[in-house]
Amino acid sequence: MISMAGKAIRKWWALFSLPTFVAFIIGFLVPFITGIYLSFCRFTTVTDSKFIGLANYVEALKDPDFWHALRFSTAFTVIIVIFVNIVSFAIAYMLTKTFRGVTIFRSVFFMPNLIGGIVLGYIWMLLLNGILAHWGRSLSFSGVYGFWGLVALYSWQQIGYMMIIYIAGMQSLPSDVMEAAAVDGANSRQVLFHVTIPLMMPSITVCTFLTMTNGFKMFDQNLALTNGAPANTSEGMALNIYRTFYGRAGFEGVGQAKAVIFFIIVAVLALIQNRLTTSREVEA
Amino acid sequence: MSDKVKHPGLWTTFFTVVCLIWVFPIVLVFINAFKDQTYIALNTFSIPRGDAFVGFKNFEVGIERTDFIASIGWTVVTTVGSVLLILVCTSMCAWWIVRVNNWAAKALYSLFLFNMIVPFQMVMFTLSKFTDMLGFNTPWGLWLIYLGFGAGLAVFIFTGVVKGIPQELEESAMIDGASVPGIFFRIVVPIMRPSIISVAILETMWIWNDFLLPYLTLDLSNFKTMPIAVQYLKSGYGAVDMGALMACLVLAIIPVILFYLLCQKYIIKGVLTGAVKG
């Protein structure tokens, strides 16, 4: 059943939906489809491609650096998802209570988010190299330093963002349920674990989803902080793909195959995560 | 949930200390921007005094080497143009999708949803080649690219908003003889205003700070945005002038902090609008 307004609006498709759709085709659809096709080709530009089947994928999966980057990104994401969510939840929990300065504290925690990843990377390079200089070392000493440097940087950036989402979630919780629990004699710890956290599952879903996909997709910070040094040991997936494309001539097809694998990983994880945590949501 | 804590004074002190640690990395950059570069590596944490203090020399060098003023200009041009185009086009498109709701509208909507889970690396190579071929390697060419690649989130948020607007309003205006564009711009847009501001903030945060898309698509001999200028300073000249780098970081951070102080309220709302569950 189409409404009266709908019928009248339908005729105006050229004005209302066409501009976005055309831009979408140019900026997303064509590059995406060509990208999938090119992952089966050997090429240096888009026009000189030659179909070679699965060879790029075989090459990509034989690349030890790619596996290292996958492990690096996975470990990084697991740590970030757990650490950022616990800390930002804790901060949000405290900053929804009343004491002097809570609004200023919220603003301060959020601030790093507005600064771009490249700039953040160089801010932390200065800080961490300054600290490591005391032992005569730097971030490029080993991949482990780069890894934990990125964890510190990324936590600093994301905690404020997730805190905002958690605060909004906590503020919209039904206060009568809390009161009922308190009347029934639950202490504040019991309320937190048996009432607040279960009711907060929608916010937890959103925040774990965001931290997870952000963690895998992290690029700018990685490029600026370590650029993979030393010897690609601090290289995440996104940076590995970028450097395969633009750092090694003749590897464009392999880079594109890696990008397709990367896309599938991110998409599948996003879907699974959303299923899992959504099913744990409860109604008040 | 806004209950009182025990020992409020203690918590205020605790969070004050944590917040001072939190802003320390930014303060450190400001301090080092005024230091001679040999002292930056050796005495990162000391206050610039005596020989170490160089006044605004780092800023002069940094601005000159990277053409930093021009790069701020191009960042503004790219961001403002892209955000305006995104707001106008995607709000119209979202309204069309919700109200028409036929197979074409539904298919379009699914495509936009799909767009949201695709990482940029998937399209970066082909996109940069196509923008080159089409001659879109200018800041105004990027307006269209950002509209295309960023359409998903904006359309998703706006369709959610339009679904909440009662159709009767639009139908009664139609009976009174209003045209379709008239209805959209005079009735629907004012209702959507808060969410339009939120989406504007989200897209601004993204495009202002974006590095890879402009880096790969822009004609870099003519146009550099701010993140690109910073990256060039680090990687483009052999030995890195840390002083100039720190000065450029300061210049990159200042507009962002001003923007934050001016529209904090809207930024928080924007973040929450963007956190709607997919």
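Preceding this paragraph is the structure being described.
Treat the numbers as computed from the prediction; the structure is a model and nothing was measured. (Residues numbered from 1 in each chain as written. Chains lettered and ligands numbered in written order. Predicted model: local features only at pLDDT ≥ 70, side-chain atom pairs only at ≥ 80, totals over all residues. Heavy atoms only, no water.)

### Thoughts on unusual backbone geometry
Residues and elements named next belong to chain A.
Then, in step 1: Looking along the chain, the bond that leaves Ala229 and enters Pro230 is cis, with omega of -10°.
Then, in step 2: Within the element layout of this structure, Pro230 appears in the loop between helix 12 (220–225) and helix 13 (237–247).
Then, in step 3: A positive phi angle, close to 50°, is found at Ala231, a residue other than glycine.
Then, in step 4: Examined against the element boundaries, Ala231 turns out to sit in the loop between helix 12 and helix 13.
Then, in step 5: The exposure class of Ala231 is exposed, given its relative accessible area of 70%.
Then, in step 6: Of note in the backbone geometry, Asn232 takes a positive phi value of approximately 65° without being a glycine.
Then, in step 7: Within the secondary structure layout, Asn232 lies in the loop between helix 12 and helix 13. (Helix = DSSP H or I, 4+ residues; strand = E, 2+ residues; numbered from the N terminus. Buried < 20%, exposed > 50% of the residue type's maximum accessible area, 1.4 Å probe, protein only.)

### Quick look at the pattern of salt bridges
All names here are of chain A.
Then, in step 1: The full count for this structure, using the stated rule, is four salt bridges over all chains.
Then, in step 2: The shortest N-O distance in the salt bridge between Glu235 and Arg243 comes to 2.7 Å.
Then, in step 3: For Arg243, a relative accessible area of 21% corresponds to the partly exposed category. (Salt bridge = Lys/Arg side-chain N within 4 Å of Asp/Glu carboxyl O.)

### Focus: the interface of chain B and chain A
Then, in step 1: Listed per partner, the contact involves 97 residues of chain B and 97 residues of chain A.
Then, in step 2: In total, chain B and chain A occlude about 8800 Å² of area from one another, counting both sides; carbon and sulfur atoms represent 80% of this.
Then, in step 3: Between chain B and chain A we count zero salt bridges in total.
Then, in step 4: If one sorts the elements of the side of chain B that touches chain A by residue count, helix 1 (residues 8–32) of chain B sits on top with 15 residues. (Contact = heavy atoms within 4.5 Å. Buried area = accessible area lost by both parts, 1.4 Å probe.)

### Comments concerning the side chain of B:Thr273
Residue and element names in this part refer to chain B.
Then, in step 1: With respect to the secondary-structure elements, Thr273 resides in helix 13 (residues 264–274).
Then, in step 2: Engagement of the side chain of Thr273 in a polar contact is seen with the side chain of Ser198, the distance being 3.2 Å.
Then, in step 3: Those residues within four positions of Thr273 in sequence are excluded, and the remaining contacts are Ile157 and Ser198. (Polar contact = N/O pair within 3.5 Å; in protein donor to acceptor, adjacent residues only side chain to side chain.)

### With respect to the packing of helix 11 (residues 226–235) of chain B against helix 12 (residues 242–262) of chain B
All names here are of chain B.
Then, in step 1: Closest axis-to-axis distance for the helix 11/helix 12 pair is 10 Å, and the angle between their directions is 170°. As far as their axial angle goes, helix 12 and helix 11 are roughly antiparallel. Seen from helix 11, the contacting residues are Met226, Val230, Leu233 and Lys234; seen from helix 12, they are Ala244, Leu245, Cys248, Leu249 and Ala252.
Then, in step 2: Looking at the contact of helix 11 with helix 12 residue by residue, the classes come out as eight nonpolar, no polar and one charged. (Axes fitted to C-alpha atoms, helices over the stretch in contact; angles between N-to-C directions. Parallel < 35°, antiparallel > 145°, perpendicular 65-115°, else oblique. Nonpolar A, V, L, I, M, F, W, Y, C, P; charged D, E, K, R; others polar.)

### Here we look at the environment of B:Phe120
Residues and elements named next belong to chain B.
Then, in step 1: Examined against the element boundaries, Phe120 turns out to sit in the loop between helix 5 (103–116) and helix 6 (124–134).
Then, in step 2: Placed 40 residues apart in sequence, Phe120 and Gly160 show a C-alpha to C-alpha distance of 25 Å.
Then, in step 3: Excluding its chain neighbours within four sequence positions, the residues that come into contact with Phe120 are Leu127, Phe149, Leu212, Leu213 and Leu216.

### Section: the packing of helix 6 (residues 102–110) of chain A against helix 1 of chain B
Then, in step 1: Orientation of helix 6 of chain A relative to helix 1 of chain B, taken along the N-to-C sense of each, is 25°, at an axis distance of 10 Å. One element, helix 6 of chain A, and the other, helix 1 of chain B, form an angle in the roughly parallel class. For the element pair helix 6 of chain A and helix 1 of chain B, the recorded crossing hand is left-handed. Across from A:Phe105, A:Val108 and A:Phe109 in helix 6 of chain A, the residues of helix 1 of chain B making contact are B:Thr12, B:Phe15, B:Thr16, B:Val18, B:Cys19, B:Trp22 and B:Val23.
Then, in step 2: Looking at the contact of helix 6 of chain A with helix 1 of chain B, its residues break down into eight nonpolar, two polar and no charged. (Left-handed = near helix turned anticlockwise from the far one by under 90°.)

### Some thoughts on the packing of aromatic side chains
Then, in step 1: According to the stated counting rule, one finds 49 aromatic pairs over all chains in the structure shown.
Then, in step 2: Plain terms: the ring middles of A:Phe219 and A:Tyr242 are 5.1 Å apart, the flat faces sit at 70° to each other, and that makes the pair edge-to-face. With a gap of 23 residues between them, A:Phe219 in the loop between helix 11 (201–217) and helix 12 and A:Tyr242 in helix 13 connect regions that are remote in the sequence. No difference in accessibility class separates A:Phe219 from A:Tyr242, as the two residues are buried.
Then, in step 3: On the numbers, 5.0 Å between centres and 5° between planes, the contact of A:Phe245 with B:Phe125 is stacked. Placement of A:Phe245 in helix 13 and of B:Phe125 in helix 6 is noted, with the two residues assigned to different chains.
Then, in step 4: Residue A:Phe245 is classed as buried on the basis of its relative accessible area of 3%.
Then, in step 5: Here the aromatic cluster, defined as three or more aromatic residues joined through ring pairs, consists of A:Phe24, A:Phe28, A:Phe32, A:Phe263, B:Phe112, B:Phe114, B:Phe120 and B:Phe149. (Phe/Tyr/Trp six-rings, centres within 6.5 Å; stacked < 30°, edge-to-face > 60°.)

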